[in-house]
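# Structural overview for review
Given next are the chains, with one letter for each unit.
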Amino acid sequence: MSSMKNITFRADASLIQQAREKALAEKTSLNKLLSDWLKNYVATDSTKLTLDEVMKRLSYVEVGRSFNQDEMNER
């Protein structure tokens, strides 16, 4: 079981108030949002890829032809 620890950080009072109000509107708390952010921050550190790394991993993909502007914008 992990233990919880309090942290202190500084931010503009107005920004903190706006964040609290937004969290309340989203039916959550600023504490929960910050805790989730920390978990995500730590988790993505080891899985973050640069654009160059992604392109290298996808280098085997061949589209076979060029696409015009309309085709590239289709969804």
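Data block above holds the structure.
On a predicted model such as this, the values are computed, not experimentally measured, just so you know.

This next bit is on the pattern of salt bridges. Using the criterion set out here, one finds one salt bridge in the structure. A salt bridge links Lys 32 to Asp 36, with the nearest nitrogen and oxygen atoms 2.8 Å apart. Here the residue Lys 32 and the residue Asp 36 both occupy positions in helix α2 (residues 30-45), the gap between them amounting to four residues, near one helical turn. Under the relative-accessibility criterion, Asp 36 is labelled partly exposed at 32%.

There is a patch of nonpolar side chains on the surface, built from Ile 7, Phe 9, Leu 34, Trp 37, Leu 38, Tyr 41 and Val 42 and spanning about 740 Å² of accessible area. Here Tyr 41 shows up in helix α2. Assessed through its relative accessible area of 43%, Tyr 41 is described here as partly exposed.

Conventions used here
Residues numbered from 1 in each chain as written. Predicted model: local features only at pLDDT ≥ 70, side-chain atom pairs only at ≥ 80, totals over all residues. Heavy atoms only, no water. Salt bridge = Lys/Arg side-chain N within 4 Å of Asp/Glu carboxyl O. Helix = DSSP H or I, 4+ residues; strand = E, 2+ residues; numbered from the N terminus. Buried < 20%, exposed > 50% of the residue type's maximum accessible area, 1.4 Å probe, protein only. Patch = residues over 30% accessible without salt bridge, like charges linked within 9 Å, V, L, I, M, F, W, Y side chains within 5 Å. Areas by Shrake-Rupley, 256 points an atom, 1.4 Å probe, with all protein chains shown as cover.

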